[in-house]
Amino acid sequence: MATTADPVIGVLALQGDFREHVAALKAIGARSALVRRPDDLQSVDALIVPGGESTTMWKLATTAEMFEPVRKRIADGMPAFGTCAGMIMLADRITDAAAGQQTFGGLPITVRRNAFGRQTESFEEPIAFDGIGELAGVFIRAPWVESVEDGVEVLARVTSGPAIGRIVAVRQGNLLATSFHPELTADRRIHEFFVAMVHDRGSA
Amino acid sequence: MSVNETSSQAPELGTARVKRGMAEMLKGGVIMDVVTPDQARIAEDAGAVAVMALERVPADIRKDGGVARMSDPDMVDGIIEAVSIPVMAKARIGHFVEAQVLQALGVDYIDESEVLTPADETHHIDKWEFTVPFVCGATNLGEALRRIAEGAAMIRSKGEAGTGNVVEATRHMRQLRADIKRLTTLDSSELFLAAKNHQAPYELVKEVAGTGKLPVVLFTAGGIATPADAAMMMQLGAEGVFVGSGIFKSGDPEKRAKAIVEATTHYDDADLIAKVSRNLGEAIVGINLDTLPAEQRYASRGW
C-alpha cells in the first residue's frame, strides 16, 4: 500500500484519458493526483501526460497558465511519462504540427503526429519493450518517433506491417514516452516501470 | 523477443479496443459541427478535440426542411485537408452505403445520426462490419445498449439538435444516469427482467450493473449553446460535449467556441465559467420545445 512517504504521481487532467492513468496507478498502489491548475502542480513529484488531442492540451495548458510551469518543472528534472498525445507534448520537436503548436519538451526527439494515418489505420500489435518483454501495443491515430538525439534510449519499435522498425517508446533520464496506450490495457508493467523511475529520480 | 526483432503477426486494424479507445482520447473535449474548411480551422484554433463535417448545421436543416443526407465528399475532403484534429461525419440512420463512403474518404468517426433523415425505419447500421468507429445517439439506457450491441464505440445523449435549448439534453443525460444507477441496485436474478424491460442484451445489462457505467464513452449533444450548458452536462456525467448549431449560429463563434472548450475542462469551477461567459455576443436564438411539433423532433428518430 502507498504511504505518505511515497511520491505523488500527478496526471495532467486537461483533456484525454487521464482517468485511465489514475486507475492504472491505483491498481499498482501508487499515489496519484489530478493536475489541472498551477497549484496542483506544486504538490506532485512526477507527471503523466495522457493520451488525447495534443493541440487541445496545448491550448488548454496555455489558457490555464499551466504551460510554462509544466515546461519548467520538466526542465528542472521532474520525472514525466507521456502516452500518444503525451509523447508529442514531451518531444522537443514535432512534424505535421498544427499552426504554432508548442510542446512542453524535454525529450530530444522529433515526433511525427498522426504518423500511422487516420483512425481507420489505428491498430493493435504485440510490442517487445526493452527490459519488460512482450506487451499489447494499442495505437490510436498514433505518433511515432522520427529521430532521436544521442543519449535517448529506444525501448520499443513496431514489429510488423508497413511501419516496421519505427520507434514507438523512448526514455532519456527521467522522461519516458510511448506512442501506444498501456493505460487502455490491464497490463500495468509500464506504469510500474515509470513509478520505479520516479523512486530512482536524481540517480538517473 | 527483443526491441529490434520482427513479428509475423500482422497489425490488427479496427479492433473494438482501438475504436472505443479513440473515444477515450476525445474525453473532456468539445466536438464542433462545421460546414466549411474555414469553420473547421476556427474550431481547431479554439481547442476542439474533433470536428463534425456536415452540409448544414441542425438549425438550418430544421429551417430548410427536406431530406437531409450525408455531405458531399468534396466538402468532407476539404475539411480533412484543413485540420490536423480528427474529423467525424454524419450518415443517415441505417444508410450503410453512406457509411461505406465516409469510411473510404478516411473520416475518423461516423455519427449515425437522427439529425439526418433516417434511411431505414427498422434497422440501424451493422457497425461491426466497419474498421471506422461509430457514435450513436440515445435517449435512455436501453437505446444506448442496443446501439452498442450493433457495434457503436461511443454514445451521445441525443438532446434536441438545432434548438439551442438544453432541456432535452438534460432529460436524456438524467435518464441515462438514472437507468444506470438503478441497474447497480438490482440483484443477479432481477437483471434478466431488467434486460427485457430495457429491450437490451442481457450480457450488456449485466456488465453495466457490475461497473456502474456504459462500456463505451458517453458524450452529450443536442441544444448546448453556452459554456454553462456544457459545464452542466459534464456535472451530470457526460464525458465530453458535442456542440452543433450553438457555435456557428452565434454572434461571435471564435470566442464562444473557446469559452465552451474551457468550461468543459473546468466544469466544476464556477469562477472560471463566469469569467469565460462574459461578453460572448448573442447566443443562438433557440426554440422552445413546447412549440416544436412531435414530427419535428429528431430525438424520436431511431429506436
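Being a predicted model, the structure only gives us computed values, none of them experimental.

What counts, and where the lines are drawn
- Residues numbered from 1 in each chain as written.
- Chains lettered and ligands numbered in written order.
- Predicted model: local features only at pLDDT ≥ 70, side-chain atom pairs only at ≥ 80, totals over all residues.
- Heavy atoms only, no water.
- Helix = DSSP H or I, 4+ residues; strand = E, 2+ residues; numbered from the N terminus.
- Rg over C-alpha atoms; globule rule 2.2 N^0.38 Å.
- Buried < 20%, exposed > 50% of the residue type's maximum accessible area, 1.4 Å probe, protein only.
- Contact = heavy atoms within 4.5 Å.
- Areas by Shrake-Rupley, 256 points an atom, 1.4 Å probe, with all protein chains shown as cover.
- Lys, Arg positive; Asp, Glu negative; His and termini not counted.
- Charge placed at Lys NZ, Arg CZ, Asp CG, Glu CD.
- Pairing = 2+ DSSP bridges.
- Axes fitted to C-alpha atoms, helices over the stretch in contact; angles between N-to-C directions.
- Salt bridge = Lys/Arg side-chain N within 4 Å of Asp/Glu carboxyl O.
- Polar contact = N/O pair within 3.5 Å; in protein donor to acceptor, adjacent residues only side chain to side chain.
- Nonpolar A, V, L, I, M, F, W, Y, C, P; charged D, E, K, R; others polar.

Within chain B, the secondary structure is distributed over 13 helices and nine strands. Relative to the globule expectation of 19 Å for 303 residues, the C-alpha radius of gyration of chain B, 19 Å, shows essentially globular dimensions. When the backbone C-alpha atoms are referred to their principal axes, chain B occupies close to 50 × 50 × 45 Å. When burial is assessed residue by residue, chain B has 59% of its 303 residues classed as buried. Within chain B, counting contacts between residues at least 6 apart in sequence, those at least 24 apart form 66% of the total. In the form shown here, chain B has an accessible surface area of approximately 12,000 Å², with 49% of it arising from carbon and sulfur atoms.

Right, let's talk about the overall build of chain A for a bit. Scanning chain A from N- to C-terminus turns up six helices and 12 strands. C-alpha atoms of chain A, sized along the principal axes, occupy 45 × 40 × 30 Å. For chain A, with 204 residues in total, the buried portion stands at 60%. As displayed, chain A has an accessible area near 7,100 Å², and 48% of this comes from carbon and sulfur atoms. When the 20 basic and 25 acidic side-chain charges of chain A are each reduced to a single mean position, those positions are 4 Å apart.

Residues and elements named next belong to chain B. The backbone of Gln-199 sits at a positive phi, close to 50 degrees, despite the residue not being glycine. Within the secondary structure, Gln-199 is located in the loop between helix H8 (191-198) and helix H9 (202-211). Judged by relative accessible area, which is 57%, Gln-199 ranks as exposed. With a phi close to 50 degrees, Asn-279 is a non-glycine residue in the positive phi region. Within the element layout of this structure, Asn-279 appears in the segment after helix H13 (270-277). The exposed category is assigned to Asn-279, whose relative accessible area is 66%.

The subject of this paragraph is the sheet that holds strand S3 (residues 50-53) of chain B. All names here are of chain B. Taken together, eight strands build an open sheet; the order of strands is S8-S7-S6-S5-S4-S3-S2-S9 and the sheet is parallel. Unpaired on one side and paired on the other, strand S8 (217-219) and strand S9 (241-243) mark the two borders of the sheet. Strand-to-strand, the axes of this sheet are offset by a mean angle of 30 degrees, without reference to chain direction. Packed onto the sheet, helix H2 (residues 37-46) meets strand S2 (30-34) and S3 and runs at close to 165 degrees relative to S2. The strands that helix H7 (residues 167-184) touches are strand S6 (134-138), strand S7 (154-157) and S8; relative to S7, the one it contacts most, it runs at about 125 degrees.

Each side of the interface is counted separately: chain A has 50 residues, and chain B has 50 residues. Put simply, chain A and chain B have five salt bridges between them. We note a salt bridge from Asp269(B) to Arg37(A), for which the minimum N-O separation is 2.8 Å. Across the chain A-chain B interface, the total number found is 22 residue pairs in polar contact (both at pLDDT 80 or more). Of all elements in the fold, only helix H1 (18-27), helix H3 (54-63), strand S7 (123-129), strand S8 (133-139) and strand S10 (153-157) of chain A reach the threshold of two or more residues within the side of chain A that touches chain B. Classifying every residue of the side of chain A that touches chain B by side-chain character gives 17 nonpolar, 16 polar and 17 charged.

In this section: the pattern of salt bridges. All names here are of chain B. Applying the stated criterion to the full structure yields 28 salt bridges over all chains. The residue Asp-60 makes a salt bridge to Lys-249 at a minimum N-O spacing of 3.0 Å. With Asp-60 in helix H3 (residues 58-64) and Lys-249 in the loop between helix H11 (245-248) and helix H12 (253-265), the pair connects residues that are 189 residues apart, well separated along the chain. On the accessibility criterion, Asp-60 (16% relative accessible area) is buried. Between Glu-114 and Arg-156 there is a salt bridge, with its nearest N and O atoms 3.0 Å apart. Within this pair, whereas Glu-114 is found in the loop between strand S5 (109-113) and S6, its partner Arg-156 is found in strand S7, the two being separated by 42 residues in sequence.

As a further point, take the sheet that holds strand S1 (residues 12-13) of chain B. If you trace the three strands from one edge of the open sheet to the other, you get S8(A)-S7(A)-S1(B), paired in antiparallel fashion. Each edge of the sheet is formed by a strand with only one pairing partner; in this case those strands are S8 of chain A together with S1 of chain B. Contacts from helix H1 (residues 16-26) of chain B reach S7 and S8 of chain A within the one sheet, and its direction differs from that of S8(A) by about 55 degrees.

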